[in-house]
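Fold and contact review
Here are the chains, one letter per residue:
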Amino acid sequence: MAALWLMGEQSIGLAVLRFLGIHPGPFPFLDSHAVLSAAECQARGIDVYVVNPCDVLGRVHVYSPLWLTLLPRGTTVAATPWVGAGLDLLFIAALGLLIRPRSAGELAVLAVAAFSPATVYALERANTDLVIFLLVLGAGLLQTRSLRRRYGSYAVLVGAALLKYYPAILLALAARERRRHALLVAAGTAAALAVFAAGYHDELGRALANIPRLSHFSDSFSAQNLPFGIAEIIELPPASAALFGFALFAMLTAFAGARARRTVSLLGSIEIDWAAREQLFAAIGALLIVGCFFAGQNVYYRGIYFLFVLPALVQARFAAEAGPARRLLSYLIAAVLFLMWGEFFRTAIDAGLHAMLPGAAGNRLANLFWLLREFVWWWLIAGLSAVAASYIRRLPLVDDGIPWLRRRWPTDAAALPGADRAGDK
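The following paragraphs examine the structure supplied in this document. (Residues numbered from 1 in each chain as written. Predicted model: local features only at pLDDT ≥ 70, side-chain atom pairs only at ≥ 80, totals over all residues. Heavy atoms only, no water.)

**So, the overall build of the protein chain**
In terms of helices and strands, the protein chain carries 20 helices and two strands. The C-alpha radius of gyration computed for the protein chain amounts to 22 Å, which stays within 12% of the reference 22 Å derived for 425 residues, consistent with globular compactness. Structurally, the protein chain occupies a C-alpha span of about 55 × 55 × 50 Å along its principal axes. Within the span of the protein chain, comprising 425 residues, buried residues form 50% of the whole. A fraction of 74% describes how many contacts in the protein chain between residues 6 or more apart in sequence connect residues 24 or more apart. Accessible surface computed for the protein chain: about 19600 Å², of which carbon and sulfur atoms make up 66%. Of the charged side chains in the protein chain, 36 are positive and 27 negative; the average position of the first set lies 8 Å away from that of the second. (Helix = DSSP H or I, 4+ residues; strand = E, 2+ residues; numbered from the N terminus. Rg over C-alpha atoms; globule rule 2.2 N^0.38 Å. Buried < 20%, exposed > 50% of the residue type's maximum accessible area, 1.4 Å probe, protein only. Contact = heavy atoms within 4.5 Å. Areas by Shrake-Rupley, 256 points an atom, 1.4 Å probe, with all protein chains shown as cover. Lys, Arg positive; Asp, Glu negative; His and termini not counted. Charge placed at Lys NZ, Arg CZ, Asp CG, Glu CD.)

In structure tokens, the structure reads:
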């Protein structure tokens, strides 16, 4: 894609992106441009939370104010190609640390995910989620037997949380530590958050207020989409729509919880090395996706976090014997790939329907696809919740500290992640 752009064949590259279901910007790396433009205008004394003339689209700053502090003085939009290309190349190189297929079958499945529209869109925009992806990957690699490195891992996660908020959910990994070490991590996190909130109180409020609201029917994923989207489709009045949406949200959450509990039992029937690095990354990816799903609306390029989960699912699927557990893993993998390619299917269906059917009929079929997509999201969220719970419940602090959980879901102490405490000394 970069070669096409540099050779002046932008029309071919743009056609490929649109075919994949991606809506390209006026030039590559548009989201990196947004952050760099905010830094440039702020240096000129402009309040970028109100207006940002340095941005080609006039977008105000919606990210953490820490980005503007960390960028070197004198940063301008002229650095956009270098920053964007550097982020993309680092991400591509990092995949070699995360995706290590053991067979041609695993390679095929993981390649379909790596070349999905969700991944390509993140690279085309050079979105800041690429930075978070790299930080989280680095934090995961630091989760070793060395206590010092694990402290470094938690520090990286705190930094990622200050930049994009949602990685804070990954501090649940501190349950790997003994109680006193976990308390130190919690205290350090609380202190960092307090200093951050005190230093950026005004900017934080204005940045959060600038976050745009996305359509329930667009390229976003969220727990809000299905319940409130249905209320919008049936054209309920505002008060009734809110009541209907919250009621349906509660029902879907209850379904997901029940399904997650069933999935935990099925995962427990498979011989999985929960201390392996693949399982750690699967838990990381599952926590991120589930946390983002319930926290708010997310553009679908955040699906790059599926790349943390998929290698473990694929390896477990190819290793599992025939039966319910293997079918479950197959369905989870299929759901991940479907959602990572969801925009390709959605745009292809929309284009075909508008060409073949009159407006009303086409809209009904488009809504049916949207319903399918949203139900797949909820089903997958239940599965990912089970993956995260299966890992977290085996961590020493949880297993030792919650007796009722240990009685309900007994675990093999020898299989606990971090059970070897030699590095704690």
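**Points about the state of the cysteines**
A full pass over the atoms with the stated rule returns one disulfide. Residue Cys41 pairs covalently with Cys54 via a disulfide, S to S 2.1 Å. Residues Cys41 and Cys54 share a disulfide whose torsion about the S-S bond is about 95°; that sign makes it right-handed. Placement of the pair is Cys41 in helix α3 (residues 30–43) and Cys54 in the loop between α3 and α4 (66–70), with a sequence separation of 13 residues. (Disulfide = S-S within 2.5 Å.)

**Here we look at the nonpolar core**
Counting residues in hydrophobic clusters, the biggest one holds 114 residues, and the most contacted among them are Phe133, Tyr305, Phe306, Leu307 and Leu310. If you tally residues by element for this core, the top one is helix α18 (residues 359–392), at 14 residues. Once residues within four sequence positions are removed from consideration, Leu307 is found in contact with Phe91, Leu95, Leu98, Ile99, Ala113, Ala114, Thr119, Phe133 and Met340. In terms of nonpolar packing, the next biggest core, distinct from the first, is built from eight residues, Ala39, Cys41, Val48 and Cys54 among them. (Core = buried A, V, L, I, M, F, W, Y, C linked by side-chain atoms within 4.5 Å.)

**Things to note about the side chain of Asn127**
Relative to the elements of secondary structure, Asn127 occurs in the loop between α7 (117–125) and α8 (129–141). For Asn127, the side chain forms a polar contact with the side chain of Asp31, separated by 2.6 Å. (Polar contact = N/O pair within 3.5 Å; in protein donor to acceptor, adjacent residues only side chain to side chain.)

**A short note on the pattern of salt bridges**
This structure, assessed with the given rule, holds 14 salt bridges. Among the ionic pairs, Arg302 bridges to Asp129, the shortest N-O distance being 3.0 Å. Of the two residues, Arg302 is situated in the loop between β2 (298–299) and α15 (306–319) and Asp129 in helix α8; the sequence distance between them amounts to 173 residues. Exposure remark for Arg302: the relative accessible area of 13% places this residue in the buried category. Given a relative accessible area of 0%, Asp129 falls into the buried group. In this structure, Arg346 engages Glu343 in a salt bridge whose closest nitrogen and oxygen atoms are separated by 2.7 Å. With Arg346 and Glu343 both in helix α17 (residues 342–356) and three residues apart, the pair spans about one turn of that helix. Glu343 shares its class with Arg346; the two are buried. (Salt bridge = Lys/Arg side-chain N within 4 Å of Asp/Glu carboxyl O.)

**Looking at the environment of Asn363**
Inspection of the secondary structure puts Asn363 in helix α18. Separated by 329 residues in sequence, Asn363 and Ala34 place their C-alpha atoms 34 Å apart.

**Concerning the packing of α8 against helix α14 (residues 277–295)**
In the contact formed by α8 and α14, the axes pass within 10 Å of each other and the chain directions differ by 145°. Crossing handedness for the pair α8 and α14: right-handed. Between α8, through Val136, Leu137, Gly140 and Leu141, and α14, the contact on the second element is made entirely by Arg277, Leu280, Phe281, Ile284 and Leu288. By residue class, the composition of the contact of α8 with α14 is seven nonpolar, one polar and one charged. (Axes fitted to C-alpha atoms, helices over the stretch in contact; angles between N-to-C directions. Left-handed = near helix turned anticlockwise from the far one by under 90°. Nonpolar A, V, L, I, M, F, W, Y, C, P; charged D, E, K, R; others polar.)

**Here we look at helix α9 (residues 147–164)**
Taking 1.5 Å per residue, 18 residues should reach 26 Å; α9 reaches 26 Å between its end C-alpha atoms and fits that length. Residues of α9 that are buried: Leu147, Arg150, Ser153, Tyr154, Leu157, Val158, Ala160, Ala161, Leu162, Leu163 and Lys164. Close packing links the buried residues of α9 with α4, α8 and α10 (179–199). Downstream of α9 by one or two residues, Tyr165 has phi in the positive range, about 70°. (Expected span 1.5 Å × (residues − 1).)

**As for the packing of α8 against α9**
Taken N-terminus to C-terminus, the directions of α8 and α9 make an angle of 165°; their axes are 8 Å apart at the nearest point. It follows from the interaxial angle that α8 and α9 lie roughly antiparallel. The interaxial crossing formed by α8 with α9 has left-handed handedness. Across the interface between the two elements, Asp129, Ile132, Leu135, Val136 and Ala139 of α8 pack against Ser153, Val156, Leu157, Ala160, Leu163 and Lys164 of α9. Of the residues that constitute the contact of α8 with α9, the class distribution is eight nonpolar, one polar and two charged. (Parallel < 35°, antiparallel > 145°, perpendicular 65-115°, else oblique.)

**Structural notes on unusual backbone geometry**
Positive phi values are uncommon outside glycine, yet Phe29 reaches one of about 65°. Considering the arrangement of structural elements, one finds Phe29 in the loop between α2 (10–19) and α3. By relative accessible area, which is 16% here, Phe29 ends up buried. Even without being a glycine, Tyr165 presents a positive backbone phi close to 70°. Here Tyr165 lies in the loop between α9 and α10. The exposure class of Tyr165 is partly exposed, given its relative accessible area of 29%.

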